[in-house]
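As a plain string of letters, each chain reads:
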Amino acid sequence: MPIPSRRTVLATGSALSGALLVGGLPTPARAADAPEHGAAPATGPRRVDAPDDAWRTVLDDADLVWRRMPKTWYEGPYLGNGLLGSGIYAEPGAATRAVRFNVQHSEVQDHRPEFGSLFGLARLPIGHFTLEPVGTITGLDWRLGLRDAELTGTLTTDRGTLALRAFVHTSRSVLAVEVTPSEGERDFAWAFHPANAISPRAAFMPLPDGYRGNPPAEVEEHDDVSAAVQPLLAGGQHVTAWRERTRGDRRTLYVHVAHSFPTSTARDRALRAVRDVSVLPYEALAVTHRAWWHDFYRKSFLSLPDARIQRFYWIQLYKAASAARRDAPVMATCGPWLESTPWPNTWWNLNAQLEYWLIHGSNHLELDAVTRALSEFRENLAKEVAPPYRGDSLGIPRTTDPSLVNGAASTLTGYGVGIPGQNPPTPEVGNLTWALHSVWLSYRHTMDESILRDVLFPLLRKAINYYLHFLEPGADGKLHLPATFSPEYGGDSRDCNYDLMLLTWGCRTLLESAELLGIDDELAPRWREILAKRVPYPTDANGFMIGADIPFAKSHRHYSHLLAVYPLYELTGRTPDEKALIEKSLAHWVGFEGALQGYTFTGAASMSALLGKGDDALRYLGQLMSRFIQANTMYKESGPVIETPLSAAQSLHDMVCQSWGGVIRVFPALPAAWRELTVHDFRTQGAFLLSAVREAGATRWVRLVSEAGAPCVVCHGIAGPVDVRDGRGKPLAYEDAGDGAIRIALGKGESALITAQGDRPELRIGPVTPNAPAPGWGLPSA
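Residues numbered from 1 in each chain as written. Predicted model: local features only at pLDDT ≥ 70, side-chain atom pairs only at ≥ 80, totals over all residues. Heavy atoms only, no water.

(A) Main features of the overall build of the protein chain. Counting its secondary structure elements, the protein chain contains 18 helices and 34 strands. For a compact globule of 782 residues, the expected C-alpha radius of gyration is about 28 Å, and the protein chain comes in at 26 Å, within 12% of that figure. In the protein chain, which comprises 782 residues, the proportion classed as buried is 63%. Summed over all atoms, the accessible surface of the protein chain reaches about 26100 Å², with 50% contributed by carbon and sulfur. Looking at charge distribution, the protein chain has the averaged site of its 76 positive side-chain charges lying 2 Å from that of its 85 negative ones. (Helix = DSSP H or I, 4+ residues; strand = E, 2+ residues; numbered from the N terminus. Rg over C-alpha atoms; globule rule 2.2 N^0.38 Å. Buried < 20%, exposed > 50% of the residue type's maximum accessible area, 1.4 Å probe, protein only. Areas by Shrake-Rupley, 256 points an atom, 1.4 Å probe, with all protein chains shown as cover. Lys, Arg positive; Asp, Glu negative; His and termini not counted. Charge placed at Lys NZ, Arg CZ, Asp CG, Glu CD.)

Structure below.
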């Protein structure tokens, strides 16, 4: 298939410039609102029928249900809004006497950089409430309703019942829990238990010299509002304020958390917030909360015939919006729900990238904290490289706090960027370039030129600059890198594939971006030289090596040596030899048991999808589900790690639609069993919104709406001759691009519908029928 030049692919629609960074994407065209462009009868254009009950049906079906008490974080319900989070399960050691409502917040951290990001800048635990019935708990019936982002149900005791409803308000950042007791439970109680304000890593690793936990919190009463005030040794405080209001037979608990540094203003803000919100009854407060969530889900739609995976997918969208917002900190490894974990901050050598991939295809760029944070805190990135390089280079360490500060003085306290060819510290230098690939994805999916001009190009230029200090010619005439570290294999290697692959992508992207932006950059000749003379990626009989000095020879959970395949799509199997290399490398990687973890299988699923192997992709996702995913779809490696389930949603995206290289590929890797599938307003590179329906094993129709007027090449998957019609049902010119792809000229705001020639399908978006019954998520069996 003729592929457009990447310069052409990167072309933007300037009308979108600035939209993402200044507050949000333009409202996308809605299929239900726009004239349709396919089978237009003589009386006028048809409309796509996308009724509200389509979303209600799939969301209600995906609700998590509990018929028995969850005993751990990995079993229970969870609520959140990107900042405030609450996980709900039995109080440890008192499972029949109390229910725990954790209260954690993604902005609450320590501020002692001398002890590094793992201790001195770590997320700090806040505490939890216990709901304490009068009687002994004998049963429960709970439902986490995705559509309303609300927990509802009943707790039964030997003295009566407690009917409860709870949510974390999407914008007011308050946990509201309404409880309606029966007569025998009228005297139930709430109690708050402050946590020790110490890095959670202290339970797993030795403490740095001189490090100690913060002093205990002090509980204060301020008329009708209580507050747990936690002072910090570095200055500042975080405060949990709460108030319970009784209205008739209903009692509602309102909880808010505030954090301030270096000032001690959190107390006043928390007290004021609780007083302001508690004047509203639960139901009145819920109105705006539910409306936000209903609008959130309607930005895209996906239904497939595997009931368990379809439910899992919608739960990940709920989870992502509970854990991420553009103005919230980039997710720590556990999101806003801090539990006992050795990973109490943000990880940049895989986790942050995987956490946010699903926001692009699902059309939820309002959750993109990565682009915002890298832009806002770019000055801190210069401080993370060694002093001689700070004038022209940037880097991001393995771990940082929300301001992208690491503070590492040793490997005990954190992991710095390092210097190629030296160790210690470990020379893990590619993480910023990989993080900027996520920024590039946000640009490509919106075509917002301000992301390219103001964030991606200047930051990527300095990230690649760091490599330029160390590249050197070898006796073979090729440019080589000194030893660097490939996450997380162990050992340093010359010509490390992790860095060579990122360096290649970075130089190519800089050249194309400079051309697009009209920048005559003095470094452009050097970037071209690197692309021309860079040493080939080290390989051996088993495929890609870790680097020139280290073969891939042991079980390894990370695909750091395979980034050129996925997610960079620098190597895609376009030739038989390239395809064979990818297949061999993939099989060798997953062929070592022992260290494989959940995201191993999401990466393998996406690579299989790249190769068009839908059944292999589904098999890898099946292993993920059976071996690693917990009852509530969370995941753990010593502690909560949120990226893997979210990246599984991206693997599903890769099976349903791929848009790398300037070509939109519709249904490129569906398993044979998925004969029916519906996708709507799926966002692709080039800022297109894709809707498509598969029936009886064949693609019935494909619809594309262009938001930016970017070049449109689509591999539609419809057999035989096709009709292409515009938004008013009139024939639309197109060119054959080979291999089942066509090229359509679409201006900004224009649309195209592709069908089999002469076909006039019903243009309706709705759930597909599952192939077989499947258990729900949660603990649905008593």
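Next comes the rest of the account.
(B) Focus on the nonpolar core. Within the largest apolar cluster, 222 residues are counted, with the highest numbers of intra-cluster contacts made by Trp142, Trp314, Leu374, Trp527, Tyr559 and Ile744. Counting residues in each nonpolar core, the second largest holds ten residues, with Val225, Val229, Ala241 and Ala258 among its members. (Core = buried A, V, L, I, M, F, W, Y, C linked by side-chain atoms within 4.5 Å.)

(C) Focus on the packing of helix 5 (residues 282-297) against helix 6 (residues 307-323). At a minimum axis distance of 11 Å, the contact between helix 5 and helix 6 shows a crossing angle of 125°. Between helix 5 and helix 6, the angle is such that the two are oblique. The way helix 5 lies across helix 6 gives a crossing that is right-handed. Counting all contacts with helix 5, which are made through Trp292, Trp293, Phe296 and Tyr297, the residues of helix 6 involved are Trp314, Leu317, Tyr318, Ala321 and Ser322. (Axes fitted to C-alpha atoms, helices over the stretch in contact; angles between N-to-C directions. Parallel < 35°, antiparallel > 145°, perpendicular 65-115°, else oblique. Left-handed = near helix turned anticlockwise from the far one by under 90°. Contact = heavy atoms within 4.5 Å.)

(D) The pairing of strand 7 (residues 150-157), seen in detail. Pairing analysis gives eight bridges linking strand 6 (residues 137-145) to strand 7, with the strands arranged antiparallel. In the strand pairing of strand 7, Leu144 is matched with Leu151. Judged from the seven bridges that link them, strand 7 and strand 8 (residues 160-168) form a sheet pairing that is antiparallel. Across the sheet, residue Leu151 finds its bridge partner in strand 8, namely Ala166. (Pairing = 2+ DSSP bridges.)

(E) Summary view of helix 2 (residues 52-62). Taken as a whole, helix 2 has its buried residues at Ala54, Trp55, Val58, Leu59 and Ala62. For helix 2, the buried positions fall inside an angular range of 115° around the axis, keeping them on one side. On its buried side, helix 2 packs onto strand 1 (64-66), helix 5, strand 15 (301-303), helix 6 and strand 26 (677-684). (Arc of directions from axis to C-beta.)

(F) Here's a closer look at the side chain of Asn497. Tracing the backbone through its elements, the reader meets Asn497 in helix 13 (residues 497-517). Setting aside its immediate chain neighbours within four residues, Asn497 contacts Tyr537, Pro538, Phe544, Met545, Ile546, Gly547, Ser560 and His561.

(G) Focus on the sheet that holds strand 26. Spatially, 15-26-27-28-33-30 is the arrangement adopted by the six strands of the open sheet, whose pairing is antiparallel. In this open sheet, the two strands that pair with only one neighbour each are strand 15 and strand 30 (722-725). The sheet shows a mean angle of 20° between the axes of neighbouring strands, direction not considered.

(H) Empty space enclosed by the protein, seen in detail. According to the stated counting rule, one finds four cavities of 30 Å³ or more in the structure shown. If you add up the space inside the second largest cavity, you get close to 50 Å³. In this structure, the second largest cavity is lined by Gly82, Ser106, Arg123, Ala323, Pro329, Val330, Met331, Ala332, Gly335, Asn345, Thr346 and Pro402. Within the lining of the second largest cavity, the residues separate by chemical class into six nonpolar, five polar and one charged. (1 Å grid on protein atoms, 1.4 Å probe; cavity = no way out; pocket = protein on both sides within 12 Å on 5 of 7 lines; lining within 4 Å. Points joined across faces, edges and corners; volume = space filled by probe spheres on them. Nonpolar A, V, L, I, M, F, W, Y, C, P; charged D, E, K, R; others polar.)

(I) The arrangement of the pattern of salt bridges in detail. Following the criterion strictly, the structure yields 37 salt bridges and no others. Arg461 is the salt-bridge partner of Asp521, the closest N and O atoms lying 2.8 Å from each other. Here Asp521 is found in the loop between helix 13 and helix 14 (524-533), whereas its partner Arg461 is found in helix 12 (residues 449-468), with 60 residues between them in sequence. As far as burial versus exposure is concerned, Asp521 and Arg461 are alike and both buried. Salt bridges sharing partners connect three or more residues here, namely Glu150, Arg165, Glu178, Arg250, Glu283 and Arg290. (Salt bridge = Lys/Arg side-chain N within 4 Å of Asp/Glu carboxyl O.)

(J) Quick look at the packing of helix 16 (residues 598-610) against helix 18 (residues 643-656). It is at 9 Å that the axes of helix 16 and helix 18 come closest, and there the two elements cross at 10°. One element, helix 16, and the other, helix 18, form an angle in the roughly parallel class. When helix 16 is examined against helix 18, the residues Gly598, Tyr599, Thr602, Ala605, Ser606 and Ala609 are found in contact with a partner set consisting of Glu643, Thr644, Ser647, Ala648, Ser651, Asp654 and Met655. When its residues are assigned to classes, the contact of helix 16 with helix 18 shows five nonpolar, six polar and two charged.

(K) The sheet that holds strand 11 (residues 218-222), seen in detail. Across the sheet, which stays open at both edges, the ten strands sit in the order 11-12-13-14-9-8-7-6-1-34 with mixed pairing between neighbours. A single partner strand is all that each edge strand has here, and the edge strands are strand 11 and strand 34 (778-779). Looking at chain direction, strand 11 and strand 12 (residues 225-231) are connected through five bridges and run antiparallel. Paired with Glu220 across the two strands is Ala227, which belongs to strand 12. Its contacts with the sheet place helix 4 (residues 266-277) against strand 11, strand 12, strand 13 (237-247) and strand 14 (250-260), and it is angled at close to 155° to strand 14. Across the face of the sheet, helix 5 comes into contact with strand 7, strand 8, strand 9 (175-181) and strand 14 while running at roughly 40° to strand 8.

(L) Region of interest: the environment of Ser450. Structurally, Ser450 can be placed in helix 12. According to the relative accessible area criterion, Ser450 is buried, its value standing at 2%. Along the backbone, Ser450 and Leu280 are 170 residues apart, and their C-alpha atoms lie at a distance of 41 Å.

(M) Region of interest: the environment of Ala189. Within the element layout of this structure, Ala189 appears in strand 10 (residues 189-194). Ala189 sits 55 residues away from Val134 along the chain, and the two C-alpha atoms are 7.9 Å apart.

(N) Quick peek at the state of the cysteines. Scanning the entire structure with this criterion turns up zero disulfides. With no disulfide of its own, Cys507 has Cys496 as its nearest cysteine by sulfur position, at a separation of 16 Å. (Disulfide = S-S within 2.5 Å.)

(O) Focus on the layout of surface pockets. If you add up the space inside the largest pocket, you get close to 980 Å³. Lining of the largest pocket is provided by 46 residues; of these, Tyr569, Thr572, Trp660, Gly661 and Arg665 occupy positions nearest its centre. At the level of elements, helix 1 (6-9), helix 8 (358-361), helix 11 (431-446), helix 13, helix 16, helix 18, strand 24 (657-658) and strand 26 are the ones that each hand at least two residues to the lining of the largest pocket. Considering every element that reaches the lining of the largest pocket, the biggest residue donor is helix 11, with five residues. Split by residue class, the lining of the largest pocket holds 21 nonpolar, 14 polar and eleven charged.

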